[in-house]
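Residue-level structure breakdown
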Amino acid sequence: MSHASTTPHNQHMVLAARPQGPLKVDDFALQDASMPNLEGNDVVIETHYLSLDPAMKGWIEARVDYVAPVEIGDVMRGQGGGIVIESSKPEYPVGLQVTGQFGWRRYVAGTRRSLGLAPVPEGIELCAALNVLGITGLTAYFGMLDIGKPARGDTVLISGAAGATGSVAGQLARIAGARVIGIAGGEEKCAWLMDTLEFEAAIDYKNEDVSARVAELCGEGIDVYFDNVGGDILDIALDNLAQNARVVLCGGISRYNETGPIPGPVNYFNLIYRNARMEGFIVLNYLKRFPEAITFLTQHLLDGRLKHRETITQGFEQLPVALASLFTGGNTGKALVAV
């Protein structure tokens, strides 16, 4: 039984080459594939959206060691959202919206466990489930609340603040009572942070002197710095820390297209002067606590306190282009591809 209007046609996107520097379209290859079936599986799913995340670049370059790399010829790994079109399990009825580890496939079959299936909560859109309730939202939750620990009256600075993780992290700090300042690229992103997400201020790194603006806006020092960028911006934040500050290392988008040695922070000694700490984390280490985070995030989505935005690229074949644009600031909020 299928919800598709035409005869279903399956395709996969596989890794064709390890990227050197910026991603290229021909690092991936589109392949026709047979339609999956229920044999030995719980469900067959029609993919509607696929999620794009900066971490993917590390997987395909084989530069990270917390998950196995994607091998040449493998279907690209990734989270997706879609609709159950066949089922052998009553708890996953046909028509149910689900998210899981679908990989870059138009149609996918598997078990609840093999796909990491999660039904989309009642009243939540599929896009929001992949955004706020997806890996980026969970990363924001644990990074900000567990490591950053924002308190009422704290000054929280976030780089990459208009991205999928930064935008949720900033709102969580605001809900905790902190004063939130975001760094983003361009007037439109900065306006979104202030007008919709209710950040106190936004710094446009493309058109403003970031160092001068951080010093001006964080005169009493930064209590929590949530870093999605690394590089020069991290050094500016380290230069402006308050006593007992927490620096949360979440990502380093400034370095993802670099080849060769990458310099570390110059101002790290300020951690000593300010009795501060800088800590990195991998969200998968919090797996057992995902239900807690999803309950919290769902509640705040439903009551309207957590806003979200998606940048949606149309077309399965556009996946490589959409992924590459993540590293040039092409997205506001969560980057998704509509299959």
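All values reported here derive from a predicted model rather than from experimental measurement. (Residues numbered from 1 in each chain as written. Predicted model: local features only at pLDDT ≥ 70, side-chain atom pairs only at ≥ 80, totals over all residues. Heavy atoms only, no water.)

**So, the nonpolar core**
- Ranked by internal contacts, the top residues of the largest apolar core, which has 42 residues, are Phe 142, Met 144, Val 156, Ile 158, Leu 172, Leu 193 and Leu 297.
- Of all elements in the fold, only α3 (126-131), α4 (135-148), β8 (155-158), α5 (164-175), β9 (179-184), α6 (187-195), β11 (222-227) and α10 (290-302) reach the threshold of two or more residues within this core.
- The leading source of residues in this core is α4, at six residues.
- Not counting chain neighbours up to four residues away, the residues in contact with Val 156 comprise Met 144, Pro 150, Ala 173, Ala 178, Arg 179, Val 180, Ile 181 and Val 224.
- Core analysis: the next-biggest nonpolar cluster, separate from the first, contains 22 residues, Leu 157, Val 214, Leu 234 and Leu 238 among them. (Core = buried A, V, L, I, M, F, W, Y, C linked by side-chain atoms within 4.5 Å. Buried < 20%, exposed > 50% of the residue type's maximum accessible area, 1.4 Å probe, protein only. Helix = DSSP H or I, 4+ residues; strand = E, 2+ residues; numbered from the N terminus. Contact = heavy atoms within 4.5 Å.)

**Quick notes on the packing of α4 against α5**
- Packing of α4 against α5 brings their axes to within 8 Å, and their N-to-C directions diverge by 45 degrees. What the angle tells us is that α4 and α5 run oblique. For the element pair α4 and α5, the recorded crossing hand is right-handed. Together, Thr 136, Gly 137, Thr 139, Ala 140, Tyr 141, Met 144 and Leu 145 of α4 and Ala 164, Thr 165, Val 168, Ala 169, Leu 172 and Ala 173 of α5 make up the contact between the two elements. (Axes fitted to C-alpha atoms, helices over the stretch in contact; angles between N-to-C directions. Parallel < 35°, antiparallel > 145°, perpendicular 65-115°, else oblique. Left-handed = near helix turned anticlockwise from the far one by under 90°.)

**Notes on the side chain of Asn 228**
- By the element assignment, Asn 228 lies in the loop between β11 and α8 (231-239).
- At 2.8 Å, the side chain of Asn 228 and the backbone oxygen of Ser 159 are in polar contact. (Polar contact = N/O pair within 3.5 Å; in protein donor to acceptor, adjacent residues only side chain to side chain.)

**Re the pattern of salt bridges**
- Inspection of every chain in the model, using the stated rule, returns 16 salt bridges.
- The salt bridge involving Arg 63 is made with Glu 61; its shortest N-O contact spans 2.9 Å.
- What makes Arg 63 partly exposed here is its relative accessible area of 43%.
- Residue classification places Glu 61 among the buried residues on the basis of a relative accessible area of 14%.
- One connected set of salt bridges, linked through shared partners, spans Lys 57, Glu 61 and Arg 63. (Salt bridge = Lys/Arg side-chain N within 4 Å of Asp/Glu carboxyl O.)

**Quick look at the sheet that holds β8**
- Taken in spatial order, the six strands make up an open sheet running β10-β9-β8-β11-β12-β13, and their pairing is parallel. The sheet is open, and its two edges are formed by β10 (201-204) and β13 (277-280), each paired on a single side. Neighbour-to-neighbour, the strand axes of the sheet open up by a mean angle of 15 degrees, direction not taken into account.
- Direction of pairing for β8 relative to β9: parallel, over a ladder of four bridges. Pairing of Thr 155 across the sheet is with Arg 179, part of β9.
- Across the sheet, α6 lies against β9 and β10, angled at about 170 degrees from β10, the strand it touches most.
- Contacting β8, β9, β10 and β11, helix α7 (residues 210-217) crosses the sheet at an angle of about 165 degrees to β10. (Pairing = 2+ DSSP bridges.)

**Concerning the layout of surface pockets**
- Here the second largest pocket is characterised by a volume of approximately 560 Å³.
- Along its surface, the second largest pocket is lined by 23 residues, and Gln 79, Gly 116, Ala 118, Phe 290 and Ile 294 are the ones closest to its centre.
- Of all the elements in the fold, those that place two or more residues in the lining of the second largest pocket are β5 (97-100), α2 (112-115), β7 (118-119), α4 and α10.
- Within the lining of the second largest pocket, the residues separate by chemical class into 15 nonpolar, seven polar and one charged. (1 Å grid on protein atoms, 1.4 Å probe; cavity = no way out; pocket = protein on both sides within 12 Å on 5 of 7 lines; lining within 4 Å. Points joined across faces, edges and corners; volume = space filled by probe spheres on them. Nonpolar A, V, L, I, M, F, W, Y, C, P; charged D, E, K, R; others polar.)

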